[in-house]
Amino acid sequence: MNRVIKYESLADTNAALFNDYQTAFGSFLNSGWYILGEQVAAFEQEFARYCGTTYCIGVASGLDAIVLSLKALDLPKNAEVIVPSNAYIACVLGVINAGFKPILVEPDIHTYNIDPAKIEAHISNKTKAILAVHLYGKMCDMTNITLIAQKYDLKVVEDCAQAHGAQHRDKKSGNWGNAGAFSFYPTKNLGALGDGGAITTNDGALAEKLFYLRNYGSKIKYENKYIGYNSRLDEVQAAFLRKKLLKLDEINKHKRKLARIYFDKIETGFVKPVEQPENSDVFHIFNIRSSKRNELKKHLLEKGIQTEIHYPVPPHKQIAYRNLFKSPKFPISEEIHATTLSLPIAVFHTEDEINYVADCLNGFN
Ligand SMILES: *Cc1c(COP(=O)(O)O)cnc(C)c1O
């Protein structure tokens, strides 16, 4: 009788909110207003308050949040945007779709986030922005990224898709850069029941422009001020997200508790994430690294434990981007991609299950 520990199960993740979602859907349906209504407006206010920002603009996805943030910043044509070399493909794609050139910079091998000490060497007179991706639920070193941005007059967009509620020093993710791009893809810590995204900012003029851009460049029907997009947060997703936002702190707290078990129990032989006093992480992903990653994955699966790899192939090795990065050498990124393994850490996992995972992991050595 083998135990099965799933990596993710969205039905289990959302089961706790079943009644809340049914109520939200009922009033949404009865409202008869399905695009950009009261639910989107209310969620935008509530999420801005949660992040500590003045504004929030709902959009259709996390990718769109990156594209629209960069578009709204009015960077010059051919501008270069600094992106971490080990991030999710949407980060590189967001820069390209916004019409700019991604410049890959290696991460810090301990935090897996872009290494501020390596950024300056890649700044040219075309560099206009940094996309700071808070990977796995840990915020980037925004203290030093902010200093570099000030020194070279660069804009900063945070990719907060894996870091809802994560904090660096006194501020949450989405409240450090010129804009924060969020995804509400169902597996994220604040996941919807479909696609969704949002941009947070403290810049009133930027927010105003984004409200136009996401809706055909228009705020008053049939009056078009900008060349815009159709990238709206769905009204029904906003209704669901309002319910889930009330639970986000609880979700993050549970994940931190599960992470604590891994930190305390996992023995030497594996590289665990670093813990830093200036960062409060939300563990969208809990990864370890092992030189025998593939055998380890197989060993865990034999014990009924499902794991994932974030990510198996770095952006510079993807077919679609093979001509984009000249003589690409990103050894740190490749080392991470070759050795990383993501352990189960979903909101429905019990402490007992995580203890079992940690025991099976230690049994591999
Ligand atoms: C999920 C994710 C995105 C993209 O979000 P979508 O809503 O799927 O477009 C962007 N960046 C990171 C780091 C992500 O994890």
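Rules used throughout
For every chain, the first residue of the written sequence is number 1, and numbering continues from 1 along that sequence. A pLDDT threshold of at least 70 governs which residues receive local features in this predicted model, and a stricter bar of 80 or more applies before side-chain atom pairs are shown or counted, although totals over entire chains, interfaces and linings include all residues. For side-chain calculations, the full set of non-hydrogen atoms in the structure is used, while hydrogens and water are omitted. If even one non-hydrogen atom of a residue comes within 4 Å of a molecule or strand, that residue is called near it. We define a polar contact as two N or O atoms separated by no more than 3.5 Å, with the added condition that, inside protein, one atom must be a possible hydrogen donor and the other a possible acceptor, whereas residues neighbouring each other in sequence contribute only through side-chain atom pairs. Only the protein chains shown count as cover for residues, with accessible areas throughout obtained via the Shrake-Rupley method and a probe of 1.4 Å. What counts as a helix is a DSSP run of H or I of at least four residues, what counts as a strand is a run of E of at least two, and both are numbered from the N terminus. Ten residue types, Ala, Val, Leu, Ile, Met, Phe, Trp, Tyr, Cys and Pro, are classed as nonpolar, four, Asp, Glu, Lys and Arg, as charged, and the remainder, Gly among them, as polar. Residues grouped as a nonpolar core are buried Ala, Val, Leu, Ile, Met, Phe, Trp, Tyr and Cys residues, joined through side-chain atoms within 4.5 Å. Only protein chains enter the accessibility calculation, which uses a 1.4 Å probe; a residue is then buried when its area is under 20% of its type maximum, exposed when over 50%, and partly exposed in between. Two residues form a contact once any of their heavy atoms are found within 4.5 Å. Pairing between two strands requires that DSSP report at least two bridges joining them. Whenever a helix is involved, its axis is fitted only over the stretch in contact; in every case the axis is a line through C-alpha atoms, and angles between N-to-C directions fall within 0 to 180 degrees. Angular relationships are summarised with four words: roughly parallel below 35 degrees, roughly antiparallel beyond 145, roughly perpendicular across 65 to 115, and oblique for the angles in between. Crossings are sorted by hand: turned counterclockwise from the far helix by less than a right angle, the near helix makes the crossing left-handed, and turned clockwise it makes it right-handed. By convention in these notes, a salt bridge is any Lys or Arg side-chain nitrogen within 4 Å of a carboxyl oxygen on Asp or Glu. Here, two cysteine sulfur atoms that lie within 2.5 Å of each other are counted as a disulfide. When the centres of two rings from Phe, Tyr and Trp lie within 6.5 Å, Trp using its six-membered ring, the rings pair. Their planes under 30 degrees apart give stacked, over 60 give edge-to-face, and anything left gives tilted. We call a charge positioned above a ring when the Lys NZ or Arg CZ atom is no farther than 6 Å from the ring centre and deviates by at most 35 degrees from the ring normal.

**Details of the site of the ligand**
Then, in step 1: Around the ligand there are 13 residues in total, and Gly 62, Asp 159, Gln 162, Ser 183 and Lys 188 lie nearest to it.
Then, in step 2: Leu 63 places a polar main-chain atom, nitrogen or oxygen, 2.8 Å from an oxygen atom of the ligand.
Then, in step 3: Contact between the ligand and Ser 183: an oxygen atom at 2.7 Å from a side-chain N or O atom of the residue.
Then, in step 4: For the ligand, the accessible surface in isolation is 380 Å², of which the surrounding protein chains cover 92%.
Then, in step 5: Counting residues per element, the ones that place at least two in the shell around the ligand are α4 (62-72) and α5 (89-97).
Then, in step 6: A per-class count over the shell around the ligand returns 7 nonpolar, 4 polar and 2 charged.

**Remarks on the nonpolar core**
Then, in step 1: With 41 residues, the main nonpolar core has Leu 70, Leu 75, Val 81, Val 83, Phe 100 and Leu 131 as its most contacted residues.
Then, in step 2: Secondary structure elements with two or more residues in this core: β1 (55-59), α4, β2 (80-84), α5, β4 (127-133), β8 (179-183) and α8 (204-213).
Then, in step 3: Ignoring any residue separated from it by four or fewer positions in sequence, one finds Leu 75 in contact with Leu 70, Val 81, Phe 100, Lys 128, Ala 129 and Lys 155.
Then, in step 4: Counting 25 residues, the second-largest nonpolar core is a separate cluster that includes Ile 5, Leu 300, Ile 309 and Leu 341.

**Regarding the sheet that holds strand β5 (residues 155-159)**
Then, in step 1: Ordered by their spatial adjacency, 7 strands build an open sheet running β1-β9-β8-β5-β4-β2-β3, and the pairing between neighbours is mixed. In this open sheet, the two edge strands, each paired with only one partner strand, are β1 and β3 (101-105). In this sheet, neighbouring strand axes are inclined to one another by 25 degrees on average, regardless of whether the strands run parallel or antiparallel.
Then, in step 2: Strand direction decides the pairing type here: β8 and strand β9 (residues 197-201), joined by 4 bridges, are antiparallel. Counted as the bridge partner of Ser 183 is Gly 197 from β9.
Then, in step 3: The sheet strands contacting α4 are β1, β2, β4, β5, β8 and β9, and the helix crosses β8 at an angle near 160 degrees.
Then, in step 4: The strands that α8 touches are β1, β8 and β9; relative to β1, the one it contacts most, it runs at about 20 degrees.

**Describing the packing of α4 against α5**
Then, in step 1: At a minimum axis distance of 8 Å, the contact between α4 and α5 shows a crossing angle of 40 degrees. Regarding the angle of α4 to α5, the classification is oblique. Taken as a pair, α4 and α5 cross one another with a handedness that is right-handed. Only Ala 90, Cys 91, Leu 93, Gly 94, Val 95 and Asn 97 of α5 make contact with α4, whose side of the interface consists of Leu 63, Ile 66, Val 67, Leu 70 and Lys 71.
Then, in step 2: A per-class count over the contact of α4 with α5 returns 8 nonpolar, 2 polar and 1 charged.

**Some points on the pattern of salt bridges**
Then, in step 1: The final tally for this structure, using the stated rule, is 15 salt bridges.
Then, in step 2: Among the salt bridges present, the one from Glu 46 reaches Arg 242, with a minimum N-O distance of 2.8 Å. One end of the pair, Glu 46, is in helix α3 (residues 38-51); the other, Arg 242, is in helix α9 (residues 235-245), and 196 residues separate them in sequence.
Then, in step 3: A relative accessible area of 23% places Glu 46 in the partly exposed class.
Then, in step 4: What makes Arg 242 partly exposed here is its relative accessible area of 26%.
Then, in step 5: A salt bridge links Lys 151 to Glu 120; the nearest nitrogen and oxygen atoms lie 3.1 Å apart. Note that Lys 151 is positioned in helix α7 (residues 142-152) and Glu 120 in the loop between α6 (116-119) and β4, a separation of 31 residues in sequence.
Then, in step 6: When its relative accessible area of 59% is taken as the criterion, Lys 151 is described as exposed.

**So, the packing of helix α10 (residues 248-265) against helix α13 (residues 351-362)**
Then, in step 1: Where α10 contacts α13, the two axes come as close as 9 Å, and the packing angle between them is 25 degrees. Taken together, α10 and α13 sit at an angle that is classed as roughly parallel. Between α10 and α13 the crossing geometry is right-handed. Here Lys 257, Leu 258, Ile 261, Tyr 262 and Lys 265 of α10 lie close against α13, whose contacting residues are Glu 351, Ile 354, Asn 355, Val 357, Ala 358, Asp 359 and Asn 362.
Then, in step 2: Per-class residue counts for the contact of α10 with α13 are 6 nonpolar, 2 polar and 4 charged.

**Topic: the state of the cysteines**
Then, in step 1: A full pass over the atoms with the stated rule returns 0 disulfides.
Then, in step 2: Cysteine Cys 91 is unpaired, with the sulfur of Cys 140 as its nearest cysteine sulfur at 9.9 Å.
Then, in step 3: A relative accessible area of 1% means that Cys 91 is categorised as buried.

**Describing the packing of aromatic side chains**
Then, in step 1: Under the definition given, this model contains 15 aromatic pairs.
Then, in step 2: With a centroid separation of 5.9 Å and 70 degrees between ring planes, the pair formed by Phe 263 and Phe 283 is classed as edge-to-face. In this pair, Phe 263 is assigned in helix α10 and Phe 283 in the loop between β10 (279-280) and β11 (286-289), connecting sequence segments 20 residues apart.
Then, in step 3: What makes Phe 263 buried here is its relative accessible area of 9%.
Then, in step 4: An aromatic cluster is built from Phe 43, Phe 47, Tyr 50, Phe 182 and Phe 184, whose rings are joined through pairwise contacts.
Then, in step 5: In this structure, Arg 3 is placed above the aromatic ring of Tyr 356, and the distance from its NZ or CZ to the ring centre is 4.7 Å.

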